[in-house]
Amino acid sequence: MDLNTLKTELETLENECRRAIAEAAGAAALDDVERKYLGKSGALKGMLSKLGSFAKEQRAEAGKLTNETAKRVDAELANAKEKAGKAALDAALEDRGFDITIPGPVVRAGSLHPLTRVRRELEDLFVSMGYAVLEGPEVELEKYNFDDLNIPADHPARESHDTFWTTTPGLCLRTHTSPVQVRGMRWWIDNKFPMPMRAIAPGRVFRNETVDASHEHTFHQMEGIVIDEKPVSIAHLLHSMKTLLRGIFGRELEVRLRPGFFPFVEPGFELDARCLHCEGKGCPFCKHSGWVELLPCGLVHPNVIQSGGFDPEKHSGFAFGLGLSRLVCLRHGVDDVRHLLSGDVRFLRSFC
Ligand code: FA5
């Protein structure tokens, strides 16, 4: 074969291909065309087998002509396939009555629960003051929840905590975060951490009590404890409580301190904050008293220091048990503590 004959044959084949492509209806038909002309045993591949019949000096030119034809047909085919794909999509969309002008569904971003936010803020604040953040178990031994906290077996404080007992004797759902006081002291000593010991322990607590706007059966507290070899006074305690409230509310809150009784502190105090819902006028949240019981605290009782493994002759300290759930309500204007763990998305969305 000579080059002119090859050119004519290629031209005829290319025209035939273009016609076949133009006539093919849809992607499947185009696949058939591809197989017939460009496939392994297709017509254009067959042309390459004829190259052996060319004189040596013409062989390169003949190969080039054949490849160029194959490339043009390939491009034509790719173009046709793209158009067929688009046409198929348009037809499918048309069929389903799809309207691209209708706005899509709104994707709502989630956000952190206000309790989580306030807890993290408090953790940052206390960590910046050198406190460690500790955790304790929610299912707690009676020993840590009561005995080691200087609460005698027949003490009314056990009743007032309305404990959820498990079927295992001596095991309950913790009624407060105070068990972490003793656990924390032991952990501090075991790890030979330097004094003073400063720690907070935020967490969930449980009480079997009648619920109302300011009382939930499941709520959050944050324990705080400082133990030092140097004498720790009520002035240290008050300074820390004021720093805590200023850090959370960004301003001085009106607070009042009154004597409070907890067997694990001596002396003990109740720090109340002026109710922000009613500005002190009285509402269901503050039980119409104008004040919200927020932050009981006191100097750690020597018996508790002893249970923790420190020597009460040489060590002293203070502790507090912040009502985290109530604090979140006060800060965010939530007038009923039961909203916090209700799982109601309308409530949660108001914090997005
Ligand atoms: C205690 O739980 C003590 N362990 C606190 C403490 C720690 C005192 C260290 C001294 C030293 P109380 O039962 O008062 O104390 O609870 C502490 C705070 O938790 C309350 O001031 C209140 O803000 C909050 N709280 C108590 N009961 C509920 C409840 N049912 N629902 C929501 N918050 C509550």
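The model shown is predicted, which means the values in this text are computed figures rather than measured ones.

Calculation notes
Residues numbered from 1 in each chain as written. Predicted model: local features only at pLDDT ≥ 70, side-chain atom pairs only at ≥ 80, totals over all residues. Heavy atoms only, no water. Core = buried A, V, L, I, M, F, W, Y, C linked by side-chain atoms within 4.5 Å. Buried < 20%, exposed > 50% of the residue type's maximum accessible area, 1.4 Å probe, protein only. Helix = DSSP H or I, 4+ residues; strand = E, 2+ residues; numbered from the N terminus. Contact = heavy atoms within 4.5 Å. Pairing = 2+ DSSP bridges. Axes fitted to C-alpha atoms, helices over the stretch in contact; angles between N-to-C directions. Near = heavy atom within 4 Å. Polar contact = N/O pair within 3.5 Å; in protein donor to acceptor, adjacent residues only side chain to side chain. Nonpolar A, V, L, I, M, F, W, Y, C, P; charged D, E, K, R; others polar. Domains from an automatic or database assignment.

(A) Structural view of the nonpolar core. In terms of nonpolar packing, the biggest core is built from 42 residues, with Leu 122, Phe 318, Phe 320, Leu 322 and Leu 327 touching the most fellow members. At the level of elements, helix H5 (114–128), strand E5 (218–228), helix H9 (234–249), strand E7 (265–274), strand E8 (291–300), strand E9 (316–323) and helix H11 (324–332) are the ones that each hand at least two residues to this core. Looking at which element gives the most residues to this core, the answer is H9, with 6 residues. In this view, Leu 322 contacts Leu 122, His 220, Gln 221, Met 222, Leu 244, Leu 294, Leu 295 and Leu 327; residues no more than four positions away in its chain are not counted.

(B) Examining the sheet that holds E8 more closely. Overall, mixed pairing links the 7 strands, which are arranged E1-E4-E5-E9-E8-E7-E6 in an open sheet. Either end of the sheet is taken by a strand with one partner, and the two such strands are strand E1 (132–133) and strand E6 (255–259). Across 3 bridges, the pairing between E8 and E9 is antiparallel. Pairing of Gly 298 across the sheet is with Ala 319, part of E9. Packing against the sheet, H5 makes contact with E1, strand E4 (197–206), E5 and E9, and its axis sits at approximately 165° to E4. Where helix H8 (residues 179–190) meets the sheet, its contacts fall on E1, E4, E5, E8 and E9, and the angle it forms with E4 comes to roughly 140°.

(C) Representation of the site of the ligand in the model. Of all residues adjacent to the ligand, which total 23 residues, the nearest are His 176, Ser 178, Arg 207, Glu 209 and Glu 216. Between the ligand and the protein, one listed contact pairs an oxygen atom with a side-chain N or O atom of Arg 207 at 2.8 Å. Note that a nitrogen atom of the ligand is positioned 2.4 Å from one of the side-chain N or O atoms of Glu 209. Listing elements by their share of the shell around the ligand, those giving two or more residues are E5, E8 and E9. A breakdown of the residues in the shell around the ligand according to their chemical character gives 9 nonpolar, 8 polar and 6 charged.

(D) Quick peek at the side chain of Thr 66. Along the chain, the position of Thr 66 falls in helix H4 (residues 56–95). When neighbours within four sequence positions are excluded, Thr 66 is seen to be in contact with Leu 6, Leu 10, Leu 44, Met 47, Leu 48 and Leu 51.

(E) Representation of the domain arrangement of the protein in the model. Each assigned domain of the protein is listed with its residue range as follows: domain 1 (3–96) and domain 2 (114–349). Just the C-alpha atoms count here: the centres of domain 1 and domain 2 sit 81 Å apart.

(F) View of the pairing of E5. Taking burial as the measure, the 11 residues of E5 include 11 buried ones, the bulk of the element. Of the two faces of E5, the one lined by Thr 218, His 220, Met 222, Gly 224, Val 226 and Asp 228 and the one lined by Phe 219, Gln 221, Glu 223, Ile 225 and Ile 227 are each fully buried. Where E4 and E5 come together, 10 bridges link them in antiparallel fashion. Among the inter-strand pairings, Arg 198 is bridged to a residue of E5, identified as Val 226.

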